[in-house]
Amino acid sequence: MLQVRKIGSDERRGFDQIVRVGEFVSWPESVRPVMCDKNQKNAITNKNYAPKSGLTIKWKAPNEDVGDIHVVNINGNEAVNLKNCGKAKSCILYSEDKASCHEDDCDYILTYSVVNNTNVEFVLGGTAKGEQNYLAVGFSMTPEAESLKMISCMRAKTVAEIKFFTLNTVEEGLMEYPMKLENKKMDLDGTRMWCSFVAPMVTPSEDDHGLDLSVPQYQIYLRGQTNYTKGSNYPILPSKYLMSKKEVQVDKIKLQYHTMEKPKQNSGADALSYTFYVFIYMGVIIQVWQNARRWL
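Parameters and conventions
Residues numbered from 1 in each chain as written. Predicted model: local features only at pLDDT ≥ 70, side-chain atom pairs only at ≥ 80, totals over all residues. Heavy atoms only, no water. Helix = DSSP H or I, 4+ residues; strand = E, 2+ residues; numbered from the N terminus. Buried < 20%, exposed > 50% of the residue type's maximum accessible area, 1.4 Å probe, protein only. Contact = heavy atoms within 4.5 Å. Areas by Shrake-Rupley, 256 points an atom, 1.4 Å probe, with all protein chains shown as cover. Pairing = 2+ DSSP bridges. Core = buried A, V, L, I, M, F, W, Y, C linked by side-chain atoms within 4.5 Å. Phe/Tyr/Trp six-rings, centres within 6.5 Å; stacked < 30°, edge-to-face > 60°.

### Things to note about the overall build of the protein
Then, in step 1: Helices and strands together make up the secondary structure of the protein, namely 2 helices and 20 strands.
Then, in step 2: Going through the 296 residues of the protein one by one, you find that 39% of them count as buried.
Then, in step 3: Considering only intrachain contacts with a sequence separation of at least 6, the fraction spanning at least 24 residues in the protein is 58%.
Then, in step 4: When the accessible area of the protein is evaluated, it comes to approximately 18,100 Å², of which 52% is carbon and sulfur surface.

### Structural notes on the sheet that holds strand β13 (residues 175-177)
In a beta sheet, neighbouring strands are held together by backbone hydrogen bonds and run either parallel or antiparallel to one another.
Then, in step 1: If you trace the 6 strands from one edge of the open sheet to the other, you get β13-β12-β11-β10-β18-β19, paired in antiparallel fashion. Looking at strand neighbours, the two that pair on one side only are β13 and β19 (242-243), the edges of this open sheet.
Then, in step 2: In terms of strand pairing, strand β11 (residues 148-156) meets strand β12 (residues 159-167) through 9 bridges, oriented antiparallel. Pairing of Arg155 across the sheet is with Ala160, part of β12.

### Side note on the side chain of Ser140
Then, in step 1: Summarising the element assignment, Ser140 is placed in strand β10 (residues 132-140).
Then, in step 2: In contact with Ser140, other than residues within four places in its own chain, are Ala145, Glu146, Gln217, Tyr218 and Ile220.

### As for the pairing of β11
Then, in step 1: Counting buried positions along β11 yields 9 of 9 residues, so the element is predominantly enclosed.
Then, in step 2: Where burial is concerned, the two faces of β11 agree: the one with Leu148, Met150, Ser152, Met154 and Ala156 and the one with Lys149, Ile151, Cys153 and Arg155 are both buried.
Then, in step 3: Note: β10 against β11, 8 bridges, orientation antiparallel. Within the sheet, the bridge partner assigned to Gly138 lies in β11 and is Met150.

### What about the nonpolar core?
Then, in step 1: The biggest cluster of nonpolar side chains holds 31 residues, and the ones touching the most others in it are Tyr108, Leu110, Tyr112, Phe122, Ile151 and Leu213.
Then, in step 2: Among the elements of the structure, β7 (90-95), β8 (108-115), β9 (119-127), β10, β11, β12, β14 (182-189) and β15 (192-200) are those that each provide at least two residues to this core.
Then, in step 3: Considering every element that reaches this core, the biggest residue donor is β15, with 4 residues.
Then, in step 4: Apart from the residues within four sequence positions on either side, Phe122 is in contact with Leu110, Thr111, Tyr112, Phe139, Cys195, Ser196, Phe197, Ala199 and Leu213.
Then, in step 5: Ala136, Ala145, Met150 and Leu174 belong to the second-largest nonpolar core, a separate cluster that totals 13 residues.

### Here's the deal with unusual backbone geometry
Then, in step 1: Although it is not a glycine, Asn116 adopts a positive phi angle of roughly 55°.
Then, in step 2: Among the secondary structure elements, Asn116 is positioned in the loop between β8 and β9.
Then, in step 3: A positive phi is found at Asn183, a non-glycine position, where the angle reads about 50°.
Then, in step 4: One can find Asn183 in strand β14.

### Concerning the packing of aromatic side chains
Then, in step 1: The final tally for this structure, using the stated rule, is 5 aromatic pairs.
Then, in step 2: Each ring, one from Tyr112 and one from Phe122, has its centre 5.8 Å from the other, and the planes form 40°; the classification is tilted. Of this pair, Tyr112 sits in strand β8 while Phe122 sits in strand β9, placing them 10 residues apart in sequence.
Then, in step 3: Where Phe122 meets Phe197, the ring centres are 5.4 Å apart and the plane angle is 25°; that geometry is what we call stacked. Of this pair, Phe122 sits in strand β9 while Phe197 sits in strand β15; the two residues are 75 residues apart in sequence, bridging distant segments of the chain.
Then, in step 4: Take Phe122: its relative accessible area is 1%, and that puts it in the buried class.
Then, in step 5: For Phe197, a relative accessible area of 1% puts it in the buried group.
Then, in step 6: Taken together through their ring pairs, the aromatic side chains of Tyr112, Phe122, Phe139 and Phe197 make up a single cluster.

Here you go:
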């Protein structure tokens, strides 16, 4: 994916936020435009994975002077890649309608690996249709996901951000707390989003809001909508969690696929049995009605 971005920070969006500028106005048939920002074709991406060369793409500069700019080649598959899954890092993959998926079509991807026994490098990626979505990984000491602590990759309209939340009780709701994360990177690619960051193995906290990744915990894999409003952006938790079947030690490498279970359909025998019982039931009702007429 190609984008033209402003170099440096932008006071309106914050130091870490990406500022895309200008708009692409023409392109060959083998690529397509992406509106990363509303009503602006400010990115170009592949239509397919066939090799390409000698492409001519035209870009229109913004009307106002935005300072220094540069062309950025973004490859989401480099940020969220499944190489060495189950060997050098753990990977959890989820698809709503496929038995298996890849970097560019999984609805949820989580990869992580331990660095120098002191940090854990995480990558979250997946689908983010609409302007208010999130992907998150949560941790809990119980299979009921009590005292849930979660790190979220969140979409707020045209930007992505990383936040840390805790959930003590459903009545209290999610509470946001600061967490020291390093090497934070995040971006949007049309309907896909990804975030990467490095978390300390142990984040101490006097008020029990820290996160200790050195101990085995249940992992919870979350995605959904947020209740984004001006100055506030919180995930809306699903009614049912997708989580590991047992406690997981982050330094033990794992590879796991999760797929949406298809609703079971009645077999022909079940349907026949159901029809048979309905027939008997109707026969009993008719017999009772006839007996009642005799008494009347």
